[in-house]
Amino acid sequence: MLVSYKWLNELVDLHDLTPEIIAKRMTLAGVEVESINKLSSANHLVVGYVKECELVKDTHLHLCKVDLGSKYGEKQIICGAPNVRKDLKVIVALPGAELPGGTIKAATIHGMESNGMCCSLLELGVDAKYVDEIDLSGIHELGDEFVVGDENVLEHLGLDDTVLTLKLLANRPDLLSIYNVAKEIGTLFNREVKDIPIEKINGEPVDFKVGSETKKCPQFSARVIKGITVKESPVELKKHLIAMGVRPINNVVDIGNLVMLLTGQPVHMYDLDKLPKPELIVKDKIEGEFKALDKNAYPIRKGDLVVTSDNRAMCLAGIMGGIESSDSSSTKNIVIEVANFNHAAIRRTSIYLNLISESSIRYTHGINDSQYVDVMNLATSLVKKYCGASSVSEIITYDTINHKEKKITVSAKKINAILGTNYDLNKIMSTLKLDHFTIQDVKKSSFVAIAPKHRIDIDGINDLAEEVVRILGYQDVKNELPALATIPGVLSNKQRKEKEIKKYLSTSLYQVLTYVLVNAKRANEFIYLNKDKPYKLINPMTDDHEYVRPSLIPSLLDVVSYNLAHQNKDFGIYEISDINVNDKKETYLGIVLTGEEKLQGELMKVPYSFYSLKGYLEAIMSMLGINKSRYLLKEWDLGGTELHPGRSATLYLGKELIGYLGELHPSAYPTYNIKNHKVYVMEIKLSSLLNLVAGNEKFKAISRFPSVTRDLALVVKDDVKAEQVITIIKKNGGVLVRNVEVFDIYKDENMKDTKSVAVTITLGKDDATLKDQETNETIEKIKAALLKENISIR
Amino acid sequence: MDLEELKEKALKAIKDAKDELELTNVRNLFLSKKSEINQKMGSLKDLKEDERKSLGQKINDTRNAISNAFSQKFNDIKAYNLNLKLKRETIDISLPGAGIKNIGINPLYLVEDEIINIFLGMGYSVYEGSDVETDHFNFELMNIPKDHPAREMQDTFYIDKTLLMRTHTSPAQAHAMSEANGGPVRIICPGKCFRRDDDDLIHSHQFRQIEGLLIDKNINIGHLEKTLETFVKKLFGEKREIRMRSSYFPFTEPSVEVDVSCDKCGGKGCPVCKGTGYLEILGAGIVNPRVLKLNGYDPKEYSGFAFGIGIERVAILKYGIDDIRRFYTNDIRFLNEFKRR
């Protein structure tokens, strides 16, 4: 909401209040002033009269002699504007004048002296939307009433105003009226607001009908005024509109807008003679195309409110008038509409048509429904004054509103209980009075407050408490921690486990944070853990953020890609984030590794591999107390071209697939613009693991007797896994086998389809030292079993 | 040679020996079977009982003295040699350490963890919400009915008519209240939020908030102010002050914006705080009685306060970060500027 400081000053005395002081006080009281701007910041201007004007040969320039009055005399000015001509009154910026575009200097142009510049309003810093065609292409043409030599030209143009931009919150639609802004300032600075004199006009009877066929229009009033003249508004009207951000059109339209800016009540004007019938009926069951004042055609649906005449849409109610019935320069007789439309209905139509107007803004936020007669009379007086009028009709009204007062019983106890203050009843009462509340039924410990009509947001005792504290400030609030039962703030088991995992991962991996919303392509990559369709937004901002991601891996790969492109290499990242698919919310962990792991800076580096991922997985399982027997890594069998089929695995918890890990498939690298760097990815449904119950640890006595180790070098087929060899050894070695570990894998060209696997077997007994014979017998048993499985001993 | 002479000669030879080889030679010369001293010992048997005893004692003493000197020297040489060896093994202690590192982290996590810890200390527990919410929880139960103008303040990503990307962490309030069954609540809810904003220096379509909610008996603005002041001083430092400004949120009444005094100027006003002396950090207020009613509470019995902290905003203020998009780009060089401490 833009507010004119000069207009405000007409409504409440601001002589000792600068815009800055007002802004600070209002902001603290909950009405944030976002900015303070001058309409035009130009200075050193004077009205000039073009005495001579000649086109300079072979240029578009004019050599002008301009009379600047007695103080500055006659000056030579070179002007390039197409519309400069003899006998024109113009705005001249003198040398030294500061305009938004820079400082004006005396200069020599094409060898000719020029002592200033003839200006357009655009050059004075006026927004293009308020200037007409002439100013857009040339200089401003002043009317005859301007006096040569006048240095207060900005004032006489109505452009010497300062504009406050209010950031309006949804609870203060009343401040969409400058009169209510004046009242707010009156409250905050404890000063009187001037009354707006309203002439009570009864008018003559008229044959005109108004009505509504829907509850969404609870009130509609009209008045017919005949014999008016449509013309340009005088500066005294236009200046207010411009300062408040509304473009002047003509006197009739401008009066409607002026009354709306002043009171917050939209006013619409129709050309009586263009209405098919002397009636205006509000309907919500009209369908078809509506040609609006902005020259666009809008499709209207059932449910959209329209003002009709003879069943034809004349106005998109509360939003924009139609071309058919709008007034023009030839309009002689008008109908003024002052109505109330349901905020929700206007909001829906306004959003659907993507059409927002000053009027729709006010209706969607809610208007004061009790002032329509005053508004009508105010508009009528102005029409009479500025447009002339031969006859004014009575006000024809349809009104179903229950204009009841909202009474709230106030006690000091209630207010103080909300605010933590210690105000007495009188303090509260005087504050509310200052805030334009009506006070009734004053008793010893309570009174009744009636909200001013414009404060439609006031609804209960908490609202009154807010009024009191925003006006009086927070310094009287007693500041203390609530005296509550002491309870420990502890994390849940799941949260604690997740925190431990983050701590562990963060010692070697960067914890990153990526966008949940991804593009269609990314939403279809790495979807092994989710078979359901990802959520799709119906109103995305861009294609880049259209789907709720079903996997973390694509986002993490994009982070890797970005970093590799920015010369960051050899690192690992992880993210723990919720994944939402099909009414389910699960917490996922994604890890992506690239290049080498730095074991000791650049001195000792080990390439990241499948086993790096497996290491993280095993550590997490161990931290969560999940035994190896409870989960299963299987060879990759999900196909696709995202993961290397020979270097990837799936992770199962029982029958449920809860994760996967592996090397990126060669065909997947180009998808992410990654070149010359190996990448490994792992994704786990962490929530499936966090929710598992882990058994408690239990002490087991450590054997006092020494153990024995024996190494075996085995030749096995390539496709035999180490785990299988270990299982054979453990199964056949019996109780004496304590541990089996692979310590070497070797392969060369001569070994064809076999490889060498070297294992070290630890044997021992809890209750005695192992005898050589026992050891040898066990090893022989193992060897025999291995041979049976086609595994030979080297 | 008499014994004294022999001893002196031997001790000198031991002393002069430069390494193990020389020392062994000296040992062979003076202590071997064929050595003079042992020969002398052998000749004892020809002496009389008493002479044999006294001379034997002397020879023994001499031999022990030589032997001890030898051992001593031998140990010295060994120690010297070991030292030499160790010296040769000297490493460059300036090279990087191996193994466990403290690696960079997205600063939003640091800030969030710090805030969570502060509120855990005040008896709050952590409540988890969901990125995808229903219109009912995100808006209706927060006193933002359909067609409420406040919905325009929070331009929403919709999945369908009922599902949306939550625009704030406030729906966690409604979930927590429904789980508390009309009893007291003390929770914070950290999480992601989404609004239809174009990403630029100061806007992000995705951002993080921490919602706070306390419901109990006789809760007022003063309780809210002290709680937030405690939080701000713990997070930003004891010198920082807070200021409350009236504001509007549909789910609180009265509502406030909370500003923290500017770090740069201490509240006097400077370019950082645009001359106001304060920086906006969070919104808060007394839980609107309508919200209490909507969520099954009797506003006559219970009251409460709620607050919402923008994590990006806090991180930007705390670390002086210039562009909100940096949080979501995850440049390793950026992450390395922030470590868990």
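Residues numbered from 1 in each chain as written. Chains lettered and ligands numbered in written order. Predicted model: local features only at pLDDT ≥ 70, side-chain atom pairs only at ≥ 80, totals over all residues.

S.K.: Help me understand the overall build of chain B, please; the structure alone is not making it clear to me.
M.R.: Counting secondary structure elements, chain B contains 13 helices and nine strands. Here the C-alpha atoms of chain B give a radius of gyration of 42 Å, more than 25% beyond the 20 Å that 2.2 N^0.38 yields for 341 residues. With the C-alpha coordinates of chain B rotated into their principal frame, the extents come out at 130 × 45 × 45 Å. Within the span of chain B, comprising 341 residues, buried residues form 42% of the whole. Intrachain contacts of chain B at a sequence separation of at least 6 include 67% that bridge at least 24 residues. (Helix = DSSP H or I, 4+ residues; strand = E, 2+ residues; numbered from the N terminus. Rg over C-alpha atoms; globule rule 2.2 N^0.38 Å. Buried ≥ 20, exposed ≤ 12 C-beta atoms within 10 Å, placed from the backbone. Contact = placed C-beta atoms within 7 Å.)

S.K.: Just checking my understanding: could you explain unusual backbone geometry for this structure?
M.R.: Backbone phi values are negative for most residues with the exception of glycine, while trans is the configuration of most peptide bonds. Residue Pro254(B) is reached from Glu253(B) by a cis peptide bond, and omega for that bond is 0 degrees. Counting through the fold element by element, Pro254(B) comes out in strand S7 (residues 252–261). Positive phi, normally seen in glycine, also occurs at Phe526(A), with a value near 55 degrees. Tracing the chain through its elements places Phe526(A) in the loop between strand S28 (517–518) and strand S29 (547–548). Using a count of 24 C-beta atoms within 10 Å as the deciding quantity, one classes Phe526(A) as buried.

S.K.: Honestly, the domain arrangement of chain B in this entry has me stumped. Any pointers?
M.R.: Many structure descriptions define interface size as the accessible area lost when the parts assemble. Once the domains are mapped, chain B shows domain 1 (3–88) and domain 2 (109–335). For domain 1 of chain B versus domain 2 of chain B, the separation of C-alpha centres amounts to 89 Å. (Domains from an automatic or database assignment.)

S.K.: Before we go on, may I ask you to explain the interface of chain B and chain A in this structure?
M.R.: Contacts between chain B and chain A engage 70 residues on the former and 74 residues on the latter. Split by residue class, the side of chain B that touches chain A holds 32 nonpolar, 21 polar and 17 charged. (Nonpolar A, V, L, I, M, F, W, Y, C, P; charged D, E, K, R; others polar.)

S.K.: Hey, could you run me through the nonpolar core in this one?
M.R.: Generally speaking, soluble globular proteins have nonpolar side chains that are buried together. Ranked by size, the top nonpolar core spans 129 residues in total, and within it Tyr510(A), Ile573(A), Ile591(A), Val592(A), Ala284(B) and Phe305(B) carry the most contacts. Ranked by residues supplied to this core, first place goes to strand S8 (residues 278–287) of chain B with seven residues. Aside from chain neighbours lying at most four places away, what touches Ala284(B) is Leu224(B), Leu228(B), Thr252(B), Val256(B), Val258(B), Phe305(B), Ala306(B) and Phe307(B). One finds Val46(A), Cys315(A), Ile336(A) and Met376(A) within the second-largest nonpolar core, a separate group that totals 119 residues. (Core = buried A, V, L, I, M, F, W, Y, C linked by C-beta atoms within 7 Å.)

S.K.: In this structure, what is going on with the packing of helix H5 (residues 107–121) of chain B against helix H11 (residues 311–319) of chain B? I would like to understand it.
M.R.: A pair of packed helices is characterised by two quantities: the angle between their axes and the separation of those axes. Residues and elements named next belong to chain B. Where H5 contacts H11, the axes come no closer than 9 Å and their chain directions differ by 100 degrees. Between H5 and H11, the angle is such that the two are roughly perpendicular. Note on element contacts: H11 touches H5 through Ile 311, Glu 312, Val 314, Ala 315, Lys 318 and Tyr 319, opposite Pro 107, Leu 108, Val 111 and Glu 112. Of the residues in the contact of H5 with H11, the class split is seven nonpolar, no polar and three charged. (Axes fitted to C-alpha atoms, helices over the stretch in contact; angles between N-to-C directions. Parallel < 35°, antiparallel > 145°, perpendicular 65-115°, else oblique.)

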